[in-house]
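Structural features, examined
Listed here are the chains, written in short residue letters.
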Amino acid sequence: MNQIDTYLDEHRDRFEDELCELLRIPSVSADSAHRDDVRRAAEWVADQFRGMKLATEVIETAGHPIVYAQSPAVPGAPTALVYGHYDVQPPEPLDLWTSPPFEPTRRDGNLYARGATDDKGQMLTHVKSVQAWLETEGSLPINVKFLIEGEEEVGSAHLDAFIEANREKLSCDCVVISDTCQLGPGRPAITYGLRGIAYYELRLQGPDRDLHSGSFGGAITNPANVLARMIAALLDEDGRVQVPGFYDDVVELSDEEREQFRALDFSNVEFLKKVGVSGAVGEEGYTILERRWARPTCDVNGLWSGYQGEGEKTVLPASAGAKFSFRLVPNQCPQQVSDSLDAFLQGMIPPGIEMELIRSHGAPGVVVPLDSPYMRAAAQAIEQGFGVAPVFIREGGSIPVVNTFGELLGVDTLLLGWGLDDDNTHSPNEKFHLADFHRGIKASAYLWRELSRVGTAHQRT
Ligand code: BES
Ligand code: ZN
């Protein structure tokens, strides 16, 4: 690996510059005004693969394109499928960014830009490690396939159908994803569980126009008042979701797993300080880590109605709306949650209000087995890349396709996170610690060697 290590050292600046190029493309998948930018990002990723002479395709979907690439076949060696996403979350509110979101800027060893860690920077670590192997050794010790999509941040609506239709092409021994976090600085982690999600938009329509709240208030139902009541009804004061049947299928944490969480060096006080709050609430009987990683919950993501300009306006608004989502855990089913939610909300609609509940996207939570040779290989590689063995954690975010990989391809996913909890993902001033970018590339380069030593699933049985 000496030659590869040297190559990585010599190309640090070039790798960072290339990441900056990708970060300059505002590939916001949620915003149709950025459609062409999203495509440009796909082409940028495809050009990386073409430059490495991988068999590369840009595949059209009804949404944003999928980029697929495959390294030259190494017969008899295992196959890793690397998944990542080149799309990013909207950058708003813009005025809270210290430097503009799509002008990547280095400060204090960090690179600031939307998508720096989630997921352009993390995804690129695997591209660069493959490049290092090809340019120094001339070949990889295993087969690597890349599946890089542009719709992760909006629920991966078209990915399942692509995987279903291309099972053979995507067949592999394990999936590798870097789109998660370390436990803390210098504490690399392998994530073995993610929460699922069920996302909704709720629209309430009252009178056919805005009304004077003095002339009409008290007699005409105010949709903003009703919305507030409905949203408040979703959670009780302890943070328990109130939708009937919501907890029926929830897999409870085992005592053993709770003990493992407790053994992690995680400080509640430090965590709250980092987030800038003076205290926390949540489900009774669960620690902060348990609440974040292994308990379902509900959060309002957006809320609107009435007058929000300067001064006062006595208006009874014609409509009100909210975006909100549940985070789910194994074995909750997004479809079942949606059905109960619909009935629950319908039961709260007073006369004078029309309700529309839009089901935006959903994905179940996942837990992957820790006891596999691929997992051990990944732990080895991380130790080589970061100089310290990883801890095993769960996380509260969602990566919808992980469940699909298990169901359609029958493989487990290795979630190797190079990010940090305070990287400001989905928030202003997103960053990626550049030392972690380079450690991630190194760990990835070692991963291909470690996986080659494991062999294929077929050889092991
Ligand atoms: N990188 C995140 C997933 C993540 C976040 C993992 C935090 C671990 C910790 C991913 O890109 C993401 O944000 N996913 C969305 C998915 C959703 C829009 C379907 C999420 O979790 O909100
Ligand atoms: Zn994200």
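Preceding this paragraph is the structure being described.
Note that the coordinates shown come from a computational prediction; the quantities given were computed from them, not determined experimentally.

**So, the site of ligand 1**
Around ligand 1, a shell composed of 16 residues is seen, among which Glu152, Asp179, Arg327, Ser398 and His426 lie nearest. The separation between a nitrogen atom of ligand 1 and a polar main-chain atom of Ser398 is 2.8 Å. Within the side chain of His426, one N or O atom sits 2.8 Å away from an oxygen atom of ligand 1. Protein chains shield 89% of the accessible area of ligand 1, which is 510 Å² for the free molecule.

**Here's the deal with the packing of aromatic side chains**
Summed over all chains, the structure comprises 12 aromatic pairs. An angle of 80° between the planes, with centres 5.2 Å apart, marks the rings of Phe246 and Tyr247 as edge-to-face. Classification of Tyr247 as buried rests on a relative accessible area of 17%. Following the ring pairs from residue to residue traces out a cluster consisting of Tyr200, Phe246, Tyr247, Phe324 and Phe326. Across the ring face of Tyr112, the terminal group of Arg107 is positioned such that the distance to the ring centre comes to 4.0 Å.

**Structural notes on the nonpolar core**
Ranked by size, the top nonpolar core spans 75 residues in total, and within it Phe146 and Trp448 carry the most contacts. Examining the composition of this core, we find that 10 residues originate from one element, helix H14 (residues 434-454), more than from any other. Ignoring anything within four residues of it in the chain, the contact list for Phe146 reads Phe49, Leu54, Val67, Tyr68, Ala69, Leu81, Val82, His126, Val127 and Val130. In this structure, Tyr200, Val243, Cys298 and Leu345 belong to the second largest nonpolar core, which totals 28 residues.

**Looking at the pairing of strand S9 (residues 196-205)**
Most of S9 is tucked away: 8 of the 10 residues are buried. Sheet topology places S9 next to strand S13 (residues 319-328); 10 bridges connect them, and they run antiparallel. The residue bridging Ile197 from the neighbouring strand is Arg327, located in S13. Summarising the sheet, S9 and strand S14 (residues 354-363) pair through 9 bridges and their orientation is antiparallel.

**Quick look at the coordination of the zinc ion (ligand 2)**
Around the zinc ion (ligand 2), the protein contributes the donor atoms Asp118 (OD), Glu153 (OE), Glu153 (OE) and His426 (NE2), which lie 2.0 to 2.7 Å from the metal centre. In this structure, the zinc ion (ligand 2) is surrounded by 6 donor atoms whose angles at the metal cover 52 to 154°, and the resulting shape is irregular. The motif formed by the donor residues of the zinc ion (ligand 2), counted along the single chain, is D-x34-E-x272-H. In this pair, Asp118 sits in helix H4 (residues 116-136) while Glu153 sits in the loop between strand S6 (143-149) and helix H5 (159-165), placing the two residues 35 residues apart along the sequence. Judged by its relative accessible area of 10%, Asp118 falls in the buried class. Owing to a relative accessible area of 13%, Glu153 belongs among the buried residues under this scheme.

**Re the sheet that holds strand S11 (residues 297-305)**
Backbone-to-backbone hydrogen bonds join strands into a sheet, with any given pair of strands oriented parallel or antiparallel. Read from one edge to the other, the open sheet built from 4 strands follows the order S11-S13-S9-S14, with strand pairing classed as antiparallel. Of all the strands in the sheet, just S11 and S14 have a single pairing partner and so form its edges. The average angle at which neighbouring strand axes cross in this sheet is 15°, direction not considered. Packing of helix H7 (residues 223-234) onto the sheet brings it into contact with S9, S11, S13 and S14, and relative to S13 it is tilted by some 10°. Where helix H11 (residues 334-346) meets the sheet, it contacts S9, S13 and S14, and its direction lies at approximately 165° from that of S14.

**Considerations on the sheet that holds strand S18 (residues 431-433)**
Within the open sheet, the 3 strands sit side by side as S4-S5-S18. Their pairing is antiparallel. A strand with exactly one partner marks an edge of an open sheet, and here the two such strands are strand S4 (105-107) and S18. Strand-to-strand, the axes of this sheet are offset by a mean angle of 25°, without reference to chain direction. With 3 bridges connecting them, strand S5 (residues 110-112) and S18 associate as antiparallel partners. Pairing of Asn110 across the sheet is with His433, part of S18. Contacts from H4 reach S5 and S18 within the one sheet, and its direction differs from that of S18 by about 45°.

**Let's talk about the packing of H7 against H11**
It is the contact of H7 with H11, at a shortest axis distance of 11 Å, that shows an interaxial angle of 135°. Here H7 lies oblique to H11, going by the angle between them. Of the two elements, H7 crosses H11, and the hand of that crossing is right-handed. On H11, the residues that touch Met230, Ala233 and Leu234 of H7 are Leu341, Phe344 and Leu345. Considering only residue class, the contact of H7 with H11 consists of 6 nonpolar, no polar and no charged.

**Quick word on unusual backbone geometry**
Peptide bonds are mostly trans, and most non-glycine residues show a negative phi. The omega torsion across Glu92 and Pro93 is 0°, close enough to zero to call that bond cis. For Pro93, the location among the structural elements is in the loop between strand S3 (79-85) and S4. Of note, the amide linkage connecting Pro330 to Asn331 takes the cis form, showing an omega dihedral of -5°. Summarising the element assignment, Asn331 is placed in the loop between S13 and H11. The phi angle at Lys53 is positive, at roughly 60°, despite the residue not being glycine. The residue Lys53 is located in the loop between helix H3 (35-51) and strand S1 (55-59) in this model.

**A few points about the pattern of salt bridges**
If you walk through the whole model with that rule in mind, you get 32 salt bridges. With a shortest N-O distance of 2.9 Å, Asp37 and Arg40 are connected by a salt bridge. Here Arg40 and Asp37 lie together in helix H3, a separation of 3 residues that amounts to about one turn. The exposure class assigned to Asp37 is buried, which follows from its relative accessible area of 15%. Among the residues examined, Arg40 registers a relative accessible area of 46% and is labelled partly exposed. For the salt bridge of Arg258 with Glu290, the shortest nitrogen-to-oxygen distance reads 2.9 Å. Here Arg258 is found in helix H8 (residues 255-263), whereas its partner Glu290 is found in helix H10 (residues 288-293), with 32 residues between them in sequence. Bridged by salt links that share partners, the residues Glu201, Arg203, Lys323 and Glu356 form one connected network.

Cut-off values and rules
- Residues numbered from 1 in each chain as written.
- Chains lettered and ligands numbered in written order.
- Predicted model: local features only at pLDDT ≥ 70, side-chain atom pairs only at ≥ 80, totals over all residues.
- Heavy atoms only, no water.
- Near = heavy atom within 4 Å.
- Polar contact = N/O pair within 3.5 Å; in protein donor to acceptor, adjacent residues only side chain to side chain.
- Areas by Shrake-Rupley, 256 points an atom, 1.4 Å probe, with all protein chains shown as cover.
- Phe/Tyr/Trp six-rings, centres within 6.5 Å; stacked < 30°, edge-to-face > 60°.
- Buried < 20%, exposed > 50% of the residue type's maximum accessible area, 1.4 Å probe, protein only.
- Lys NZ or Arg CZ within 6 Å of the ring centre and 35° of its normal.
- Core = buried A, V, L, I, M, F, W, Y, C linked by side-chain atoms within 4.5 Å.
- Helix = DSSP H or I, 4+ residues; strand = E, 2+ residues; numbered from the N terminus.
- Contact = heavy atoms within 4.5 Å.
- Pairing = 2+ DSSP bridges.
- Donors = N, O, S within 2.8 Å, 3.2 Å for Na, K, Ca; no water.
- Tetrahedral: all angles 85-135°; square planar, octahedral: opposite > 155°, others 65-115°.
- Axes fitted to C-alpha atoms, helices over the stretch in contact; angles between N-to-C directions.
- Parallel < 35°, antiparallel > 145°, perpendicular 65-115°, else oblique.
- Left-handed = near helix turned anticlockwise from the far one by under 90°.
- Nonpolar A, V, L, I, M, F, W, Y, C, P; charged D, E, K, R; others polar.
- Salt bridge = Lys/Arg side-chain N within 4 Å of Asp/Glu carboxyl O.

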